[in-house]
Amino acid sequence: VLDINEQPRLIGSQVYRVSELEPERHESPDWIFSETYRYLLTGALLLAGRGSFQVQLVTGLPLEYYRRQREVFKSEVLLNTHTGKIIEEDRQGQSVTVTEAGVIPQGLGVFFSRALKSNGELAGDEWSEGRYAVIDGGGGTFNLATVDQLEMIENAGENRSLEVGGNKIIAHIRRQLLEQHPNRRKSVRAGVIERAVQNRSRLGDKGFEGDLKRAIDQALDLHYQPVITAARSMWRDGSDLDGMVLGGGSCIMFAERLMEDFGDKAMLATDDLDDLVYANALGYHRLGRMQFGG
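What counts and what doesn't
- Residues numbered from 1 in each chain as written.
- Predicted model: local features only at pLDDT ≥ 70, side-chain atom pairs only at ≥ 80, totals over all residues.
- Heavy atoms only, no water.
- Helix = DSSP H or I, 4+ residues; strand = E, 2+ residues; numbered from the N terminus.
- Buried < 20%, exposed > 50% of the residue type's maximum accessible area, 1.4 Å probe, protein only.
- Pairing = 2+ DSSP bridges.
- Axes fitted to C-alpha atoms, helices over the stretch in contact; angles between N-to-C directions.
- Contact = heavy atoms within 4.5 Å.
- Polar contact = N/O pair within 3.5 Å; in protein donor to acceptor, adjacent residues only side chain to side chain.
- Patch = residues over 30% accessible without salt bridge, like charges linked within 9 Å, V, L, I, M, F, W, Y side chains within 5 Å.
- Areas by Shrake-Rupley, 256 points an atom, 1.4 Å probe, with all protein chains shown as cover.
- Salt bridge = Lys/Arg side-chain N within 4 Å of Asp/Glu carboxyl O.
- Lys, Arg positive; Asp, Glu negative; His and termini not counted.
- Charge placed at Lys NZ, Arg CZ, Asp CG, Glu CD.

1. Describing unusual backbone geometry
Consideration 1: Even without a glycine there, the phi angle at Gln 149 is positive, about 55°.
Consideration 2: Examined against the element boundaries, Gln 149 turns out to sit in the loop between strand 7 (142-148) and strand 8 (151-152).
Consideration 3: Even without being a glycine, Arg 236 presents a positive backbone phi close to 50°.
Consideration 4: Take Arg 236: it is sitting in the loop between helix 8 (208-235) and strand 10 (243-247).

2. Here we look at the pairing of strand 6 (residues 131-137)
Consideration 1: The buried count for strand 6 comes to seven of seven residues, which makes it a mostly enclosed element.
Consideration 2: Along strand 6, one buried face is formed by Arg 131, Ala 133, Ile 135 and Gly 137 and the opposite face, lined by Tyr 132, Val 134 and Asp 136, is buried too.
Consideration 3: In the sheet, strand 6 pairs with strand 7 via seven bridges, with the strands oriented antiparallel. Bridge pairing links Arg 131 to Asp 148 in strand 7.

3. Regarding the sheet that holds strand 1 (residues 2-4)
Consideration 1: On the basis of which strands lie adjacent, the open sheet formed by five strands has the order 2-1-4-5-3 and mixed pairing. Since the sheet does not close on itself, it has two edges, and those belong to strand 2 (7-9) and strand 3 (53-61), each with one partner. Taken pair by pair, the neighbouring strands of this sheet meet at an average axis angle of 40°, ignoring direction.
Consideration 2: In the sheet, strand 3 pairs with strand 5 (residues 94-105) via nine bridges, with the strands oriented parallel. Across the sheet, residue Phe 53 finds its bridge partner in strand 5, namely Val 96.
Consideration 3: Lying over the sheet, helix 2 (residues 35-46) contacts strand 1, strand 2, strand 3, strand 4 (81-86) and strand 5, oriented at roughly 75° with respect to strand 4.
Consideration 4: Lying on the sheet, helix 10 (residues 279-292) is in contact with strand 3 and strand 5; it crosses strand 3 at an angle near 120°.

4. Overview of the environment of Asp 3
Consideration 1: With respect to the helices and strands, the residue Asp 3 is situated in strand 1.
Consideration 2: When neighbours within four sequence positions are excluded, Asp 3 is seen to be in contact with Pro 8, Gly 84, Lys 85 and Ile 87.
Consideration 3: In this structure the side chain of Asp 3 is engaged in a polar contact, spanning 2.8 Å, whose partner is the backbone nitrogen of Glu 6.
Consideration 4: A polar side-chain atom of Asp 3 sits 3.0 Å from the main-chain amide nitrogen of Gln 7.

5. Some thoughts on a negative patch on the surface
Consideration 1: Where like charges cluster on the molecular surface, the negative patch consists of Asp 125, Glu 126, Glu 129, Asp 148 and Asp 242.
Consideration 2: With three residues, helix 5 (residues 125-129) is the single largest residue contributor to the negative patch.
Consideration 3: Following the sequence through the fold, Asp 242 ends up in the loop between helix 8 and strand 10.

6. Some thoughts on the side chain of His 172
Consideration 1: Of note, His 172 is situated in helix 6 (residues 166-180).
Consideration 2: The contacts of His 172, once residues within four sequence positions are left out, are Gln 218, Ala 219, Leu 222 and His 223.

Take a look at the structure:
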């Protein structure tokens with residue numbers, strides 16, 4: 001629970017997992033200027049330490065918003081003092097001042113989580129010299145980008161954002177299951193379905209399992225098609241690439257298929273599959289180490 005100006009809000013991924021309602025999603029261009037974003041940003045900053053302190057940070061914006069919003073986002077939202085209180089027994093009110101901020105296209109965090117070491121140094125010369133494809137699977141979109149010598153190519157056809165994402169896949173499955181099992185709302189919560197998709201775990205009573213599996217398979221087949229079609233149109237078979245980096249929580253759903261389709265060119269952004277959902281954040285942190293030092 002985060003309290004800003006005596007207005008407490010429950011935030012974080014656990015809200016999504018326990019809710020019996022459809023999660024409220026904010027995917028409009030202006031959501032980064034909203035109260036919702038303010039709470040998420042402030043909560044993240046306060047969790048970075050105790051008391052009041054200063055930070056330097058790197059974050060990302062979706063490709064379609066990046067060019068026109070990065071400067072105003074940086075100056076009006078990030079480079080400020082953020083205050084609030086996490087409601088826990090041993091915490092007092094805090095303020096965190098962002099002194100420097102870097103904003104990059106969102107999916108490039110996936111690339112830098114692989115190309116950079118945890119201290120910000122290059123993981124190898126090949127990363128600064130090569131040409132790489134990046135696929136970042138998010139909640140609302142899949143971002144596809146081409147990185148050449150550490151720079152994203154901004155030419156048309158070299159980067160793309162698809163209106164496909166994990167939230168939409170899960171919502172598709174949920175609608176289908178609720179039509180078949182209208183009295184099983186708790187069994188088809190979004191968070192429960194997400195775990196089932198990622199783990200292929202069994203849920204519910206006999207009879208429900210088969211419907212769940214069919215709904216998952218159908219949704220994944222349907223939503224994978226635009227991803228692989230776009231990837232093929234941009235990079236063909238990947239023969240002119242030095243590699244393809246896959247990351248983001250929704251990429252977990254399609255990682256095996258993409259690695260089959262692109263062979264040894266494709267690699268996960270993190271060594272641990274459970275960390276793949278945090279690939280962008282890991283990449284932002286490593287890029288921050290490179291840019292700001294320390």
